[in-house]
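# Survey of secondary and tertiary structure
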Amino acid sequence: MASTGKSRLAGRSDRRVMNKLCYDIPVLLLHNMNPEWTSEETLETEQDVATLGNALKDLGHPLEIVTVRDDRLAQQLHNFNPRDYVVFNWCEELPGVPHSEPDVAAVMERMGFVFTGSSRDVLALAHDKPEIKRVLDDANIPTPPWAVFDNTDVGEWNIFPSIVKAANEHCSIGISPESVVTTPKELENRVAFILDKYQQPAIVEQFINGREFLNAVWGNGHISMLPAVEMDYSELTDLRDRLFSYEAKYVAGSRLYESIDMRVPAELETSARAQLENVVIATYRATGCRDYGRIDVRYLNGIFYVIDVNPNPDINPQTSMTHAAAEIGYSYGQMGSRIVNLAAARHPIFSQQYNPA
C-alpha cells in the first residue's frame, strides 16, 4: 500500500513531550505467535517484533521479549515481577483461543502487571460491535444507522447500499467486496453467510460511500489526535471495492492492496479538521480507550461518521499510526516509548519518574 505526503517537524508541544520521555523504563514486549501461521507470517511477525524491540532498546529501554505460543500466559509471566516492568501489550490473542484478546489483558490485570493500551473491559467492548454502536448513539456521536440480525429475516431494513459485518470480529475478518450489498436479496444472502461461517449475529449498517480517515489518538488525562491518515480509494470505481477489507489490509500484491494509497497527512479544511478531531476524541473518551487507539471515520455530506473503534491497533512500521507519528516528528522508537511512558504513569514505581501530560 502506497504512502504519500511530506513529513513535517514536530510542533513545539510534541517536542516538549519527547524531551520528557523516560527511556530507562524496563519493558516486557509481549506478542503472540500462532503455530498455525505460515512461515511467511511467522517471519513477518518476528521481523516486526525485532524492529520495535530494537527501536526501544536503542533509546535506552531495558527490554525482554515474551512470545505467547499457547494459552498458558500466566505461566510465562510467572517469573517476572510486575514491579520491575511495564508490559508492552502487542498480543492480539492467546493462540488457539478465538476472541481472546481481552483474556490477555485479564491475565495481566489479575497478576498485577501494568501494561500499555486499554483494559480488559474496553478490549471486550471493542469486540462487541453492537455495544460499541449503542455507546456511540448514547453519546450522540455520529455513526451510520445500524441493525443486528441473528436470522435471515431482514425485511425491515431498507437502507442501501449497506455493509454487513460479523458482530464480534475485528481486524476486518469477514470484510470483503461482497460485504457491500445494494438489494434486499444481497443483504439476506450476506447475512446468511455471516451466520453460517462465523456462527454469530450479523451487524448491518449504512455504507457511507465517502472519504475514509484512520485517526490515531493517544493520551489519558490530556488526549490528542495525531494527523489524520486518509485511505485514498480514487483508483477504485466499483462501490464494493471502496473499503479497507481484509485483502486490502493484509494481502500484499493483491489488486486491492496495490490500488489503495495511504495519504499522510489527509488534506482537510481547518474547520473540517477541527470537526473530525472533536468526533474522534469524543469517541476515544466515550469508549474508555487508554494510552492510545485508532478511530476509523467516514466523511460524507459534511458529517464524520465513526465506523470502527480500535483500542489496541497494530503499530508495525507500515501502519497508519506509525506514519502519523512520524508526521509530527516521532521516530518509531519514540512513538513506542511515548506509549510505554503513558502506561508507566499507572505504575507504582515508574510513575514517579514520568507522568506524561
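Up top is the structure.
Everything in this summary refers to the structure shown in the same document. Per chain, residues are indexed from 1 in the order of the written sequence. Residues qualify for local features only when their pLDDT is at least 70, as the model is predicted, and side-chain atom pairs are given and counted only at 80 or more; totals for whole chains, interfaces and linings, by contrast, use all residues. Side-chain numbers here rest on the full set of heavy atoms in the structure, without hydrogens or water.

What follows covers the overall build of the protein. A count of helical and extended segments in the protein gives twelve helices and 14 strands. The reference for a compact globule is 2.2 Å times residues^0.38; the radius of gyration itself is calculated from the C-alpha atoms. A compact globule built from 357 residues should have a C-alpha radius of gyration of about 21 Å, and the protein, at 20 Å, falls within 12% of that. Principal-axis analysis of the C-alpha atoms places the extent of the protein at approximately 60 × 45 × 40 Å. With a 1.4 Å probe rolled over the protein chains alone, any residue whose accessible area is under 20% of its type maximum counts as buried; one over 50% counts as exposed, and the rest are partly exposed. Taking all 357 residues of the protein together, 54% fall into the buried category. Runs of E in the DSSP output that reach at least two residues are strands. Runs of H or I that reach at least four are helices, and both are numbered from the N terminus.

Before going further, it helps to examine the packing of aromatic side chains. Stacked, edge-to-face and tilted are the three classes for Phe, Tyr and Trp ring pairs, Trp counted by its six-membered ring, which pair at centre distances within 6.5 Å; planes under 30 degrees apart are stacked, over 60 edge-to-face, the rest tilted. Counting across every chain of the model gives five aromatic pairs. Look at Phe193 and Tyr198: their rings are 6.3 Å apart centre to centre, the planes differ by 80°, and that puts the pair in the edge-to-face class. An aromatic cluster of three or more residues is present, and its members are Phe213, Tyr299 and Phe304. Taking the ring centre of Tyr198 as reference, the NZ or CZ of Lys197 above it sits at 5.8 Å. Only lysine NZ and arginine CZ atoms are considered, and such an atom sits over a ring when it is within 6 Å of the ring centre and within 35 degrees of the ring normal. The ring of Phe115 has Arg290 lying over it, and the distance from NZ or CZ to the ring centre is 5.3 Å.

By nonpolar core we mean a set of buried residues, namely Ala, Val, Leu, Ile, Met, Phe, Trp, Tyr and Cys, connected to one another through side-chain atoms within 4.5 Å. Counting 43 residues, the largest nonpolar core has Phe88, Trp218 and Ile315 as the members making the most contacts within it. Looking at this core, the elements with two or more residues in it are helix H1 (12-20), strand E2 (27-32), helix H2 (39-59), strand E4 (86-90), strand E9 (211-219), strand E11 (229-232), helix H11 (320-327) and helix H12 (332-344). By definition, residues are in contact when any of their heavy atoms lie within 4.5 Å. Filtering out sequence-adjacent residues up to four positions away, Trp218 remains in contact with Ile223, Ser224, Leu226, Tyr284, Asp291, Tyr292, Met321, Tyr330, Met335, Arg338, Ile339 and Leu342. One finds Ile132, Met225, Leu268 and Cys289 within the second-largest nonpolar core, a separate group that totals 24 residues.

Read from one edge to the other, the open sheet built from four strands follows the order E5-E8-E6-E7, with strand pairing classed as antiparallel. At either end of the open sheet lies a strand with only one pairing partner, and these are strand E5 (146-149) and strand E7 (180-181). Two elements, strand E6 (residues 162-166) and E7, share two bridges in a ladder whose sense is antiparallel. The residue bridging Ser162 from the neighbouring strand is Val181, located in E7. Pairing between two strands is assigned when DSSP locates at least 2 bridges connecting them.

With parallel pairing, three strands are arranged side by side in an open sheet as E3-E2-E4. Only two strands of the sheet have a single partner each, and these edge strands are strand E3 (63-68) and E4. Each adjacent strand pair in this sheet contributes to an overall mean axis angle of 20°, direction not counted. Examined bridge by bridge, E2 and E4 share five bridges and lie parallel to one another. Paired with His31 across the strands is Trp90, a residue of E4. Between N-to-C directions, angles cover 0 to 180 degrees, with each direction set by a line fitted to C-alpha atoms, over the stretch in contact for helices. Contacts between H2 and the sheet are confined to E2, E3 and E4, with E2 contributing the most and set at about 170° to the helix.

Inspection of the secondary structure assignment puts Asn312 in the loop between strand E14 (303-310) and H11. Apart from residues lying up to four places away in sequence, Asn312 is in contact with Asn89, Cys91, Glu101, Leu123 and Tyr292.

With that out of the way, let us pick up the pairing of E14. Pairing geometry for strand E13 (residues 291-300) and E14, over seven bridges, is antiparallel. Looking at E14, one finds that Arg298 is bridged to Tyr305. Here E13 folds back onto E14 in antiparallel fashion, the turn holding two residues, of which Asn301 has a positive phi close to 55°.

Here we take up unusual backbone geometry. Along the chain, Phe160 connects to Pro161 via a cis peptide bond; the corresponding omega equals 0°. Among the secondary structure elements, Pro161 is positioned in the loop between E5 and E6. Residue Pro265 follows Val264 across a cis peptide bond; omega there is -5°. Mapped onto the secondary structure, Pro265 falls in the loop between strand E12 (261-263) and helix H10 (270-286). A positive phi is found at His99, a non-glycine position, where the angle reads about 55°.

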